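# Observations on the model geometry
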Amino acid sequence: MIQRALQKIFSAPVAPPTEEDIAGLSDVPLFSMNGIAISETEIVFSGLALPPGGDYSAVEFKSDDDVVFRTEYPLPTPGAKDYYWYWPGAEQCGFRITIDKARSHSADDLFRFYIDFDGRKNAPLERERTALFVPRTAELFENFPALEALQRVQRFDNPQCVAARGVGDAFRMTSIAAHHGWTRDGNVLDWGAGHGRVARHISRFAPQTRVKGVDIDPQNIAWAAEHLPSIDFSVGPLMPPTAYESGSFSLIYGISVMTHLEPRVQKAWLAEIHRILKPGGLALLTFSGDAAVAFISRWLDAGWIDTYLKTGVGPLLPSSDLVGVIDTPDYYKNVHQNLQRTVETCEPFLDVLGAHECMFGYQDLVILQRPLQDDGA
Ligand SMILES: C[S@@+](CC[C@H](N)C(=O)[O-])C[C@H]1O[C@@H](n2cnc3c(N)ncnc32)[C@H](O)[C@@H]1O
C-alpha cells in the first residue's frame, strides 16, 4: 500500500540516488504497526521493526503489563525493501505478536508494549518513542470517518492502525511534555488536528485538560466536531492569526503539520504559536528530516538528495492531498529539513528544550517553550 501511495506522489526519478547517498543518512531503527486482529481468545498484531545494523537479535519486544505473548521475528517482508531499500535486513523485518487474552492483564483496556533496540537503551525518551498500544477490544476502532477522509491525513494506514497509533501518539505527546515540566492540565491545542486521531485520546493521559483542535480542512473538522463532542474543534486560517487569545495554551502540539509548510509559513506559525502559548507553555512539533528523506529516497533524484545533504533543506515537493479541500491547495507541500535546520528555524521564536530524531515514526520532534518571564508578544 505504501509503495502504491508513494508512486502516486512521485514520478520515477531520472537519476536515482545510490545506496551510498542514503546509507548513513539516519541510523535510528524505525518500526510500525500495520495490522491488528482481535478474537475471543487472542489478539494478533503485526508490523515492521528495522534491525539495528541488520542484526535481528538486537530487537526485543517487551511489555510492562502482565501480558502473556508470543513473538515471531524476523518474518519475511519483501515489500519493506521497496522503501527501506537502504536498510540492511529490511527484507525480513516483519514481526507478529500473539497475545493470550485470558491470561493477560493490564491497568485499562490497552496493552502497552515497547521495543528494545539494542544499543539505544540510554537514548533519551526511547521508551516513549517505541511505545505501541494494543486494544483489548475492537471498540477503539469505531467512530472514524470514511476511508477517503482518513487517508487524506494518514496516507499509508488502515483504520485499525490509525486508531491504535492515535493512542500511542497521545501517550507520546503527553509523556514527553510532562517530562519537560508540563503538569498535565490547562488548555491543550492540537494544531492540525485532522479528524481528531490524537486529540480524542489526550484526556486518557491528562484528564485535567481542556482539549481544542484546529485544522484548515473543513471536512475533517466538521466530522470531528460532530463525532467527538467533548473536544472543541474549529476550522483555522491558512495563515495566522488564529482567533485564540494570547497566552491561551499550556501545551500545543502539531503532528506532521510543519512537514507541509514552506519555511516562510513555518516562521509565521512559530510566531503565532509563541503568541498563543502561556509563558512557560510548551509546543511539541514534528518535522520531516533525515529518516523521512531516506524513506522516500527511492523516488527522489540524486540532485535533490545532493541539495538536501549540502544545505540541510530539500527542494519543496508538491502535495495534492488538499486539492478540492482548501481554496489554495498549493499552500500544502512536502517539506524536508534536517534537525539542525529545524532547530535554527525555531530558535528565534521559542526556547528549544530538545530535538530528537524519529520520535514520531520517521518524523523528528522539537520541544519548544515560551520563556516563563516572557510576557510580551
Ligand atoms: C498529515 S496531516 C496530520 C493530521 C494530524 N496531526 C494527525 O497526526 O493525525 C496534517 C494536517 O495539518 C493540517 N494543516 C496544515 N496546515 C495547517 C495550518 N496552518 N493550520 C491548521 N492545520 C493545518 C492539514 O489539513 C492536515 O489535516
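In case you missed it, the structure is sitting above this.
Residues numbered from 1 in each chain as written. Predicted model: local features only at pLDDT ≥ 70, side-chain atom pairs only at ≥ 80, totals over all residues. Heavy atoms only, no water.

Spatial ordering of the open sheet is given by β10-β9-β8-β11-β12-β16-β15, a layout of seven strands whose pairing is mixed. This sheet does not close on itself; its edge strands, each paired only once, are β10 (232-235) and β15 (351-360). On average, adjacent strands in this sheet sit at an angle of 15° to one another, irrespective of strand direction. Two elements, strand β8 (residues 185-191) and strand β11 (residues 249-254), share three bridges in a ladder whose sense is parallel. Opposite Asp190, over in β11, you have Tyr253 as the bridge partner. Its contacts with the sheet place helix α6 (residues 159-179) against β11, β12 (277-288), β15 and β16 (363-369), and it is angled at close to 150° to β15. Of the strands in this sheet, β12, β15 and β16 touch helix α12 (residues 339-346), which is tilted by about 145° from β15. (Pairing = 2+ DSSP bridges. Helix = DSSP H or I, 4+ residues; strand = E, 2+ residues; numbered from the N terminus. Axes fitted to C-alpha atoms, helices over the stretch in contact; angles between N-to-C directions. Contact = heavy atoms within 4.5 Å.)

Attention now goes to the site of the ligand. Taken together, 20 residues form the shell around the ligand, and within it Gln154, Gly192, Arg197, Asp215 and Tyr331 come nearest. The separation between an oxygen atom of the ligand and a polar side-chain atom of Arg197 is 2.7 Å. In isolation the ligand exposes 590 Å². Once the protein is present, 96% of that is buried. Across the shell around the ligand, the residue classes tally to twelve nonpolar, five polar and three charged. (Near = heavy atom within 4 Å. Polar contact = N/O pair within 3.5 Å; in protein donor to acceptor, adjacent residues only side chain to side chain. Areas by Shrake-Rupley, 256 points an atom, 1.4 Å probe, with all protein chains shown as cover. Nonpolar A, V, L, I, M, F, W, Y, C, P; charged D, E, K, R; others polar.)

All chains considered together, the criterion is met by 18 aromatic pairs. Plain terms: the ring middles of Phe61 and Tyr73 are 5.7 Å apart, the flat faces sit at 70° to each other, and that makes the pair edge-to-face. Highlighted residues: Phe61 in strand β3 (residues 59-63) and Tyr73 in strand β4 (residues 69-75), separated in sequence by twelve residues. Both residues of the pair, Phe61 and Tyr73, count as buried. Their ring planes at 85° and their centres at 5.0 Å tell us that Tyr244 and Phe249 sit as a pair that is edge-to-face. Assigned by exposure class, Tyr244 and Phe249 land together as buried. Aromatic rings pair up to connect Phe45, Tyr56, Phe61, Phe69, Tyr73, Phe95 and Phe113 into one cluster. A cation over a ring is seen here: Arg127 above Tyr114, with NZ or CZ 3.8 Å from the ring centre. (Phe/Tyr/Trp six-rings, centres within 6.5 Å; stacked < 30°, edge-to-face > 60°. Buried < 20%, exposed > 50% of the residue type's maximum accessible area, 1.4 Å probe, protein only. Lys NZ or Arg CZ within 6 Å of the ring centre and 35° of its normal.)

Bringing α6 into the picture now. Compared with the 30 Å implied by 1.5 Å per residue over 21 residues, the 30 Å span of α6 between its first and last C-alpha is a close match. Most of α6 is tucked away: 16 of the 21 residues are buried. Of the residues trailing α6, Gly181 is marked for its positive phi of about 100°. (Expected span 1.5 Å × (residues − 1).)

With that settled, the discussion passes to the sheet that holds strand β5 (residues 94-100). Taking strand neighbours across the sheet as the criterion, the four strands line up as β1-β2-β5-β4 in an open arrangement whose pairing is antiparallel. Lying at the two open borders of the sheet, with one neighbouring strand each, are β1 (31-38) and β4. When strand polarity is set aside, the average angle formed by the axes of neighbouring strands in this sheet is 15°. Direction of pairing for strand β2 (residues 42-49) relative to β5: antiparallel, over a ladder of seven bridges.

The subject of this paragraph is the nonpolar core. Phe45, Ala49, Ile99, Phe113, Tyr253 and Leu284 are the most contacted members of the largest nonpolar core, which has 61 residues in total. Looking at this core, the element that brings in the most residues is α6, giving ten residues. Discounting chain neighbours no more than four positions away, the residues touching Leu284 are Met173, Ile176, Ala177, Leu251, Ile252, Tyr253, Gly254, Leu365, Val366 and Ile367. Core analysis: the next-biggest nonpolar cluster, separate from the first, contains 29 residues, Val214, Ile276, Val325 and Ile326 among them. (Core = buried A, V, L, I, M, F, W, Y, C linked by side-chain atoms within 4.5 Å.)

Bringing the pattern of salt bridges into the picture now. Following the criterion strictly, the structure yields 23 salt bridges and no others. Between Arg103 and Asp100 there is a salt bridge; the shortest N-O distance is 3.1 Å. Here Asp100 falls in the partly exposed class, since its relative accessible area comes to 23%. In the salt-bridge network here, residues are joined through shared partners; they are Lys62, Asp116, Asp118 and Lys121. (Salt bridge = Lys/Arg side-chain N within 4 Å of Asp/Glu carboxyl O.)

Our focus in this paragraph is the environment of Val366. Secondary-structure assignment places Val366 in strand β16. On the accessibility criterion, Val366 (0% relative accessible area) is buried. Spatially, the C-alpha atom of Val366 lies 4.3 Å from that of Ala355, the residues being eleven residues apart in sequence. Apart from the residues lying within four places of it in its own chain, the contact partners of Val366 are Ala283, Leu284, Leu285, Phe287, Thr342, Val343, Cys346, Gly354 and Ala355.

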